[in-house]
Amino acid sequence: MSVLLINGPNLNLLGTREPDVYGSTTLTEVEAALTVQAAEAGLEVDCFQSNSEGEIIDRIHAARTDGTAFIIINPGAFTHTSIAIRDAFQSVQVPFCEVHISNVYAREPFRHHSYLSDLAVGVMAGFGTRGYSLAMSFVIERLAPNAVG
Ligand code: CA2
């Protein structure tokens with residue numbers, strides 16, 4: 001069984017800019033940590049980052065038939081704009097968690113609305129990059145309950 005980790009626009013810059021908002025951990029480090037965490041529970045992780053809305057939609061579509069059991073996604077700014085990514089999740093019916101590194105509710109009002117949250121199993125915001133591993137702990141409990149201990 002595999003978990004798909006999707007990161008949206010600009011998150012390839014993680015750890016290299018705006019450390020006051022997004023911390024100093026790089027996306028490569030996040031992906032490596034989640035891969036180890038999942039492997040310990042017998043799960044695989046497929047990591048995907050794109051700055052393009054269409055590529056993210058195509059990857060979500062592929063998840064319908066490629067053995068993806070769960071998606072963890074930080075959609076970046078597409079969270080607040082993309083009805084098309086919402087439609088993709090509605091069409092594939094693969095369960096997902098939404099992760100935000102920053103506390104979007106403590107930021108500008110335009111970051112308070114998400115086109116995805118009401119479809120998500122759960123939403124994580126404001127825990128820094130630790131939010132990804134908290135979401136992965138939840139996914140492991142869901143997919144591999146015997147591995148939790
Ligand atoms: O807090 C989050 O994780 C966000 O999804 C990040 C998005 C922002 O538009 C959302 O409102 C909240 C922005 C991602 C930008 O990523 C960068 C990372 C490091 C340096 C610069 C940008």
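Whatever comes next refers back to the structure up there.
Note that the coordinates shown come from a computational prediction; the quantities given were computed from them, not determined experimentally.

(A) How the structure looks around the sheet that holds strand β3 (residues 68-74). The sheet built from five strands is open, its strands ordered β2-β1-β3-β4-β5 with parallel pairing. Both edges of this open sheet fall to β2 (44-49) and β5 (122-125), since each of them pairs with a single strand only. Neighbour-to-neighbour, the strand axes of the sheet open up by a mean angle of 20°, direction not taken into account. Relative to β5, strand β4 (residues 96-100) runs parallel, the two being bridged by four bridges.

(B) Just the environment of L143, in detail. Mapped onto the fold, L143 is located in helix α5 (residues 130-143). Expressed as a C-alpha distance, the spacing of L143 and V45, which sit 98 residues apart in the sequence, is 13 Å. Not counting residues within four places of it along the chain, the set of residues in contact with L143 comprises M1, V3, L43, A69 and F70.

(C) Examining the environment of E31 more closely. Along the chain, E31 falls in helix α2 (residues 27-40). The class of E31 is buried, set by a relative accessible area of 18%. Here the alpha-carbon distance between E31 and C47, two residues 16 residues apart in the chain, equals 6.6 Å. When near neighbours in sequence (up to four residues on either side) are disregarded, E31 contacts L5 and C47.

(D) Highlighting helix α4 (residues 83-92). The set of residues buried in α4 consists of I85, R86, A88, F89 and V92. With its buried residues spanning 160° around the axis, α4 presents them on a single face. Buried residues along α4 sit in contact with α3 (53-62), β3 and β4. Residue Q93 follows α4 closely and has a positive phi angle near 60°.

(E) Up close: unusual backbone geometry. The backbone of N10 sits at a positive phi, close to 75°, despite the residue not being glycine. Its place among the elements puts N10 in the loop between β1 (2-7) and α1 (19-22). Here N10 falls in the exposed class, since its relative accessible area comes to 53%.

Reading the values: the criteria
- Residues numbered from 1 in each chain as written.
- Predicted model: local features only at pLDDT ≥ 70, side-chain atom pairs only at ≥ 80, totals over all residues.
- Heavy atoms only, no water.
- Pairing = 2+ DSSP bridges.
- Helix = DSSP H or I, 4+ residues; strand = E, 2+ residues; numbered from the N terminus.
- Axes fitted to C-alpha atoms, helices over the stretch in contact; angles between N-to-C directions.
- Contact = heavy atoms within 4.5 Å.
- Buried < 20%, exposed > 50% of the residue type's maximum accessible area, 1.4 Å probe, protein only.
- Arc of directions from axis to C-beta.

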